[in-house]
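So the chains spell out like this:
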Amino acid sequence: MEVKAEAMLASQGGPKAVPKLGPFPSKLGREELWELIDLWDLSPQSKERIKNILNQDSHIEGPHLFRYYNPKPSRVAAAEDAMRELIGAKYCLAVNSCTSALIASYRALGIGLGDEVIVPAYTFFASAAGVVASNGIPVIVEVDDSLTLDPEAAERAITRRTKAIVIVHMRGAAGQMDALMDLAKRKGLPLVEDVAQAGGGSFRGKRLGSIGTMGCFSFDHYKVMSSGEGGFVTTDDEWLYTRAQSWHDTAACWRPDRFARERREGELFAGENYRMSELQGAVAIAQIRKTDSMLAGYRRARDLILAGIDPVPGLTFRRLTDSAGDTAICLIMFLPNPGVTRRAIEELHAEGVPAGGVYDSKVRDWHIYTYWEHVLETKSVAADGLPWSAVPKQELPKYSREMCPRTLDLLGRSVHIEINHNYSDEDCHAIAQGINKVFHHLWK
Ligand SMILES: Cc1ncc(COP(=O)(O)O)c(C=O)c1O
C-alpha cells in the first residue's frame, strides 16, 4: 500500500509533524522588571515616567537569570572576575552567602566527621555553625585586644584532630596574619579567612582573602559590599577551587562536560546548591566596582572622628594589626569596666552618637560564643547525635559559657562607634564632640 508523503515518518523523509515551535517570549518581562525598579526609592514622578516607557515598549524580553547555559555573558561570572581582581586571588567562586562560602571551603579542604576546626570566640555564629554543618567540631578560642583570634591561644588549642584554623577579620579589621600564617605553616594546617565583615580590607598591602588558604566573603545587606544576599570564595589553589565548585553546585552545571565521570579522584561528590543568581551577580559587580571609593569614605570619616577625640585616662582603642588596611567601618574603644561602658553607651545614645555595646551578659547576640548553646550543648539535627557522637566524650572540647574569660572581658568593655562612608565633616566633628562630652562628664 502506498503511504502518502505527509504520513511518512520524518526519519524516513516525511514532513515534520511539528515544524517549528516558538520563539516564545521569556517568562520574565515587564512585570518582573517593574518589581525590580520598584525596589529603588525613586520619586513618584520618575516611577510614573519609567512605567510609561515600559508600557509603550511592545517587546520586553527578560533576562536569563541562571548563571550557567546563559545565552548572554553571565553577570555572576563577571562578578567573580571583578572580585578576583579586587582581592588578588587566582580563583574566585560566587555563592549565595558567606555561610555557604565557609561550608564550601571547609568541604573543599576535606573537613569531615569529627575533625576539629579552630574558631574565635567572637565571630558571627556561621563561622562555627559551618564547621558543624560539615560534621566537624568547632574548637572555640580566645580573641585578644585586636578582637580577632589570639595566635598563641590558637596554637595551644591544636590537637591531633585539628584540620584547619579560621581567622575572622572582625568588625572591618585584619587579624594577626603574620603570626597565624606562621602557625599554619609550622603545623601544616590550612588557614581559612572569614572576611565577611572586612570585605576590601587589607593586611600589609595584601587584600584580606588573598593571604590564607581560602577566603570567604559575605555580600549580605549589612556588609561593606552587598547584593542583598551573596558570597564569594577566593583561593590560589586550583584544586580547592574545583572542590568548592563541586560542593556549591551538586548539579555540576559548572563542569565543561556536566555528566562526565570525575576527571580526578575527589573532584565529584554529593554537594549542595549554593549557586548565585544573575540578579545578585549584577548588583555585586556594581558594588565591587565601588568598593575602593566606599572604603576611602569610611577611612576619611574614621580619621576625622579619631582626630577629634580627646585623650582620657583609661580609654584605649582596639589594636589594629594594620591601620592603613582597616576598612574603618567602625571604631572600637575599651573602657575600664563594664559598668562605665554601659553608662557611656546610654549617654552616647542620648547625645545622638551612633554607639553600641559589643557584649552585655543580659543581651543575646549570635556574635558571642556564650549564646551558641547549640554548640555548647552539642545539639544535633538528628537522633544520631552527629557530629559530637563521632568523638569519644572525653575528647570533645570542654565547652562552657566561662571558657573564654578574656574575650568576655574585652567585649564587655567595648564601645562600638558605627561609621558611615557618607558622613560629612560636620557629622564627624559632631560625633567626636559627642564622645568628648560624654567621656569628660563620666571622668569628671
Ligand atoms: C564573621 C561572619 N561570618 C559569616 C557570616 C555569614 O554571612 P552570610 O550572612 O552571608 O551567610 C557573617 C554574617 O553576618 C559574619 O559576620
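As a starting point, this report considers the structure included with it. (Residues numbered from 1 in each chain as written. Predicted model: local features only at pLDDT ≥ 70, side-chain atom pairs only at ≥ 80, totals over all residues. Heavy atoms only, no water.)

## Describing the overall build of the chain
Phase 1: Within the chain one finds 13 helices and 13 strands.
Phase 2: The C-alpha extent of the chain, read off along each of the three principal axes, is 110 × 65 × 40 Å.
Phase 3: A total of 444 residues make up the chain; the buried ones form 50% of that total.
Phase 4: Nonlocal contacts in the chain, meaning residues at least 24 apart in sequence, comprise 69% of its contacts between residues at least 6 apart. (Helix = DSSP H or I, 4+ residues; strand = E, 2+ residues; numbered from the N terminus. Buried < 20%, exposed > 50% of the residue type's maximum accessible area, 1.4 Å probe, protein only. Contact = heavy atoms within 4.5 Å.)

## Thoughts on the pairing of strand β5 (residues 191-194)
Phase 1: On β5, burial covers both faces: Leu191 and Glu193 on one face and Val192 and Asp194 on the other are all buried.
Phase 2: Where strand β4 (residues 162-168) and β5 come together, 4 bridges link them in parallel fashion. For Ile167, the partnering residue across the bridge sits in β5 and is Glu193.
Phase 3: Traced from β4 through helix α7 (residues 177-187) to β5, the parallel crossover comes out right-handed.
Phase 4: Here β5 pairs with strand β8 (residues 214-218) via 3 bridges, running parallel. Its bridge partner being in β8, Val192 is matched across the sheet by Met214. (Pairing = 2+ DSSP bridges. Right-handed = clockwise from strand over helix to strand, strands pointing away.)

## Regarding the site of the ligand
Phase 1: Inspection of the region around the ligand gives 15 residues, with Thr99, Asp194, Ser218, Asp220 and Lys223 positioned closest.
Phase 2: At a separation of 2.8 Å, an oxygen atom of the ligand approaches a polar side-chain atom of Gln197.
Phase 3: Between the ligand and the protein, one listed contact pairs an oxygen atom with a side-chain N or O atom of Ser218 at 2.7 Å.
Phase 4: Calculation on the ligand without its partners gives an accessible area of 390 Å², and the protein chains cover 92% of this total.
Phase 5: Where the shell around the ligand is concerned, the elements lending two or more residues are α4 (98-108) and α5 (126-133).
Phase 6: In the shell around the ligand, the residues fall into 5 nonpolar, 7 polar and 3 charged. (Near = heavy atom within 4 Å. Polar contact = N/O pair within 3.5 Å; in protein donor to acceptor, adjacent residues only side chain to side chain. Areas by Shrake-Rupley, 256 points an atom, 1.4 Å probe, with all protein chains shown as cover. Nonpolar A, V, L, I, M, F, W, Y, C, P; charged D, E, K, R; others polar.)

## Quick look at the sheet that holds strand β10 (residues 316-317)
Phase 1: On the basis of which strands lie adjacent, the open sheet formed by 4 strands has the order β10-β11-β13-β12 and antiparallel pairing. Edge positions in the sheet fall to β10 and β12 (355-357), since each has one partner strand and no second.
Phase 2: Alignment of β12 against strand β13 (residues 414-418), held across 3 bridges, turns out to be antiparallel. What sits directly across from Ala355, in β13, is Ile417.

## Thoughts on the nonpolar core
Phase 1: If you look at the biggest cluster of nonpolar residues, it comprises 122 residues, and the most contacted ones within it are Met83, Ile140, Phe232, Ile417, Ile435 and Phe439.
Phase 2: Ranked by residues supplied to this core, first place goes to helix α9 (residues 278-308) with 8 residues.
Phase 3: For Ile417, the residues in contact, after removing those within four places along its chain, are Ile329, Cys330, Leu331, Met333, Leu348, Val353, Pro354, Ala355, Ile431 and Ile435. (Core = buried A, V, L, I, M, F, W, Y, C linked by side-chain atoms within 4.5 Å.)

## Considering the packing of α4 against α5
Packed helix pairs are characterised by how far apart their axes lie and by the angle those axes make with each other.
Phase 1: Where α4 contacts α5, the two axes come as close as 9 Å, and the packing angle between them is 45 degrees. It follows that α4 is oblique to α5 by the angle criterion. Regarding α4 and α5, the two cross each other, and that crossing is right-handed. Each of Thr99, Leu102, Ile103, Tyr106 and Arg107 in α4 lies in contact with α5, whose residues at this interface are Ala126, Ser127, Gly130, Val131 and Ala133.
Phase 2: Its residues placed into classes, the contact of α4 with α5 shows 6 nonpolar, 3 polar and 1 charged. (Axes fitted to C-alpha atoms, helices over the stretch in contact; angles between N-to-C directions. Parallel < 35°, antiparallel > 145°, perpendicular 65-115°, else oblique. Left-handed = near helix turned anticlockwise from the far one by under 90°.)

## Regarding the pairing of strand β2 (residues 116-120)
If a strand is regular, its side chains alternate between the two faces of the sheet.
Phase 1: Of all 5 residues making up β2, 5 are buried, and the element is well covered by its neighbours.
Phase 2: Side chains Glu116, Ile118 and Pro120 of β2 all project onto a buried face; the interleaved residues Val117 and Val119 project onto the opposite face, where all are buried too.
Phase 3: With 5 bridges joining them, β2 and strand β3 (residues 137-141) adopt parallel strand pairing. Note that in β3 the partner of Glu116 across the bridge is Ile137.

## With respect to a nonpolar patch on the surface
Phase 1: Together, Leu33, Leu36, Leu39, Trp40, Leu42 and Leu279 line one region of the surface with nonpolar side chains, adding up to about 550 Å² of accessible area.
Phase 2: The topology assignment puts Leu279 in helix α9.
Phase 3: The class for Leu279 is partly exposed, based on a relative accessible area of 38%. (Patch = residues over 30% accessible without salt bridge, like charges linked within 9 Å, V, L, I, M, F, W, Y side chains within 5 Å. Salt bridge = Lys/Arg side-chain N within 4 Å of Asp/Glu carboxyl O.)

## Comments concerning the packing of aromatic side chains
Phase 1: Considering all chains together, one arrives at 8 aromatic pairs under this definition.
Phase 2: Stacked on the ring of Trp239, the Lys or Arg Arg264 has its end atom at 3.7 Å from the ring centre.
Phase 3: Over the face of the ring belonging to Trp366 we find Arg364, whose NZ or CZ atom lies 5.6 Å from the ring centre. (Phe/Tyr/Trp six-rings, centres within 6.5 Å; stacked < 30°, edge-to-face > 60°. Lys NZ or Arg CZ within 6 Å of the ring centre and 35° of its normal.)

## Brief notes about the pattern of salt bridges
When their charged atoms lie close together, side chains carrying opposite charge are able to pair.
Phase 1: Summed over all chains, the structure comprises 28 salt bridges.
Phase 2: Across the pair Lys437 and Glu351 runs a salt bridge whose closest N-O atoms are separated by 2.8 Å. Within this pair, whereas Lys437 is found in helix α13 (residues 425-442), its partner Glu351 is found in helix α10 (residues 338-351), the two being separated by 86 residues in sequence.
Phase 3: If you follow the salt bridges from partner to partner, you end up with Glu155, Asp182, Arg186 and Lys187 in one network.

## Regarding the sheet that holds β5
Phase 1: Spatially, 7 strands are ordered β1-β9-β8-β5-β4-β2-β3 in an open sheet, and the strand pairing comes out mixed. If you trace the sheet from one side to the other, it starts and ends with β1 (91-95) and β3, each paired once. In this sheet, neighbouring strand axes are inclined to one another by 20 degrees on average, regardless of whether the strands run parallel or antiparallel.
Phase 2: Running at roughly 165 degrees to β8, α4 makes contact with β1, β4, β5, β8 and β9 (231-235) of the sheet.
Phase 3: This element, α7, spans β4 and β5 of the sheet and lies at about 150 degrees to β5.

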